[in-house]
Amino acid sequence: MAEITRSRKTTGKVTLADVAKVVGVGQMTVSRALRQPALVSEEMREKIEQAVQQLGYVPNFAARQLASATSRNLVVVTHSLISRENALILSALQENIRELDVQLVILIADNKHWLRELINHSPLAIVLLNLTCPANAKEWITQSGMPCLEIGSIQQDPLHINVGIDSKQAMKKMVTFLVEKGYQEIALLSATQELAIFQQYLASWHTTLLAKHINPHLMLHSAEPISFSAGGKLFSESLLLWGKIDALVFVSDELACGALYEAQRRHISVPQDIAIASLGGLDVGTVSYPRLTTISIPYEQIGYQAGKMLKRLLQDDMPSSQTKVIEIPTKLAVRESC
């Protein structure tokens, strides 16, 4: 497990009066825009939101709305709670911080207003779960100096604490293994997921295959969410599109197992007719037939380490002026599907 530490910018406490001064309105207008945005004109609301983001202002009114004065908000922002990967990470994190006096708030980042909702929860700390932070949110988090954990994949420019896997290295392991096994016609199949993580997979896919003088352009994407049925459809479409092909690499165990089920239905032998592999390491790959070759991603360990770091942050056992990257290693699990 690798750790990288460097300095992080923080600022002093920003007040409601500071925001009002920048916008050129009274404090009551700013407060109203944050509490009841529908009562303020869209133009004024946008000016206030821009000032809040630039200054890193953290409202304190949320604490007064809680049932207990001692409650504290820990906000987890993610695109999905239904994915098995996110559930495993979140469960391990929650178990690790159970002893702390915090209120866990889950915020689904499915619209452009999620940053406003985040700010209005006045969080004690922020957890970005398999979520790439957009520029406006990154600006507010950086300026506020608020503790922030980015969990899932190693980021090129982390905000504060970053716990996850090297997605590029994970893909490189899988591609290298398949090429060394003698596969030459290899395709990458994906469905809707966090874009930044997929971009890391894709960059590594291209560079690794090109370095080995193999065509990297056999790729197929489904606009559906990741599921077994999506994997079955991708498998069928790949055969129609390319005909004879050596191996399929899926970006999810669910997709790959869906492909295995479809192969059985069509009496296609795996790996004799075609090899199937994936990135994930979920339990489903150990009970599929044949068992799935995959890059095993230790989701529980990621959650555990993230919870450990979060506990240190909340207990003031770690300087908030540092960024730290904790890389959790992945492993290649070779099974009967390749």
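You'll find the structure just up there.
J.: Break down the pattern of salt bridges for me, with residues and values.
T.: Enumeration according to the criterion identifies six salt bridges in this entry. As a salt-bridge pair, lysine 311 and glutamate 99 come within 3.7 Å of each other at their nearest N and O atoms. Here lysine 311 is found in helix α13 (residues 299-314), whereas its partner glutamate 99 is found in the loop between α5 (84-96) and β3 (103-108), with 212 residues between them in sequence.

J.: An account of the nonpolar core is needed here, citing residue identities and associated values.
T.: By size, the foremost hydrophobic cluster in this structure holds 73 residues, and its most contacted members are Leu149, Ile151, Ile186, Phe250, Ile276 and Leu310. With residues up to four places along the chain from it excluded, the contact list for leucine 310 reads Leu74, Leu93, Ile97, Ala125, Val127 and Leu149. Listed in part, the 33 residues of the second largest apolar core include Val58, Val75, Ala137 and Trp140.

J.: Outline the environment of threonine 286, supporting the account with residue identities and numerical values.
T.: Counting through the fold element by element, threonine 286 comes out in helix α12 (residues 284-287). Between the C-alpha atoms of threonine 286 and arginine 335, which are 49 residues apart in sequence, the distance is 8.6 Å. Apart from residues lying up to four places away in sequence, threonine 286 is in contact with Arg291 and Arg335. At 2.6 Å, the side chain of threonine 286 and the backbone oxygen of aspartate 283 are in polar contact.

J.: Residues and numbers for the packing of α5 against α13, please.
T.: Running from N to C, α5 and α13 point in directions that differ by 35°, and their axes come no closer than 7 Å. The crossing of α5 and α13 is right-handed. Every residue of α13 that contacts α5 at Glu85, Leu88, Ile89, Ala92, Leu93 and Asn96 is listed here: Tyr299, Glu300, Ile302, Gly303, Tyr304, Ala306, Gly307, Lys308, Leu310 and Lys311.

J.: Give a description of helix α1 (residues 16-23) that names residues and reports values.
T.: Within the sequence span of α1, burial applies to Leu16, Val19, Ala20 and Val23. All buried residues of α1 lie within an arc of 100° about the axis, which places them on one face of the element. Exposed and oriented more than 90 degrees from the buried face of α1 are Lys21 and Val22. Where α1 is buried, its residues meet α2 (27-35) and α3 (42-55). Backbone geometry just after α1 places glycine 24 at a positive phi near 85°.

J.: Can you tell me about the pairing of strand β2 (residues 73-78), naming the residues and giving the values?
T.: For β2, a buried count of six out of six residues is recorded, marking the element as mostly surrounded by other parts of the structure. With α5 bridging β2 and the parallel β3, this β-α-β connection has right-handed handedness. In terms of strand pairing, β2 meets strand β4 (residues 125-129) through five bridges, oriented parallel. The residue bridging leucine 74 from the neighbouring strand is alanine 125, located in β4.

Here is what the cut-offs are and how they apply
- Residues numbered from 1 in each chain as written.
- Predicted model: local features only at pLDDT ≥ 70, side-chain atom pairs only at ≥ 80, totals over all residues.
- Heavy atoms only, no water.
- Salt bridge = Lys/Arg side-chain N within 4 Å of Asp/Glu carboxyl O.
- Helix = DSSP H or I, 4+ residues; strand = E, 2+ residues; numbered from the N terminus.
- Core = buried A, V, L, I, M, F, W, Y, C linked by side-chain atoms within 4.5 Å.
- Buried < 20%, exposed > 50% of the residue type's maximum accessible area, 1.4 Å probe, protein only.
- Contact = heavy atoms within 4.5 Å.
- Polar contact = N/O pair within 3.5 Å; in protein donor to acceptor, adjacent residues only side chain to side chain.
- Axes fitted to C-alpha atoms, helices over the stretch in contact; angles between N-to-C directions.
- Left-handed = near helix turned anticlockwise from the far one by under 90°.
- Arc of directions from axis to C-beta.
- Right-handed = clockwise from strand over helix to strand, strands pointing away.
- Pairing = 2+ DSSP bridges.

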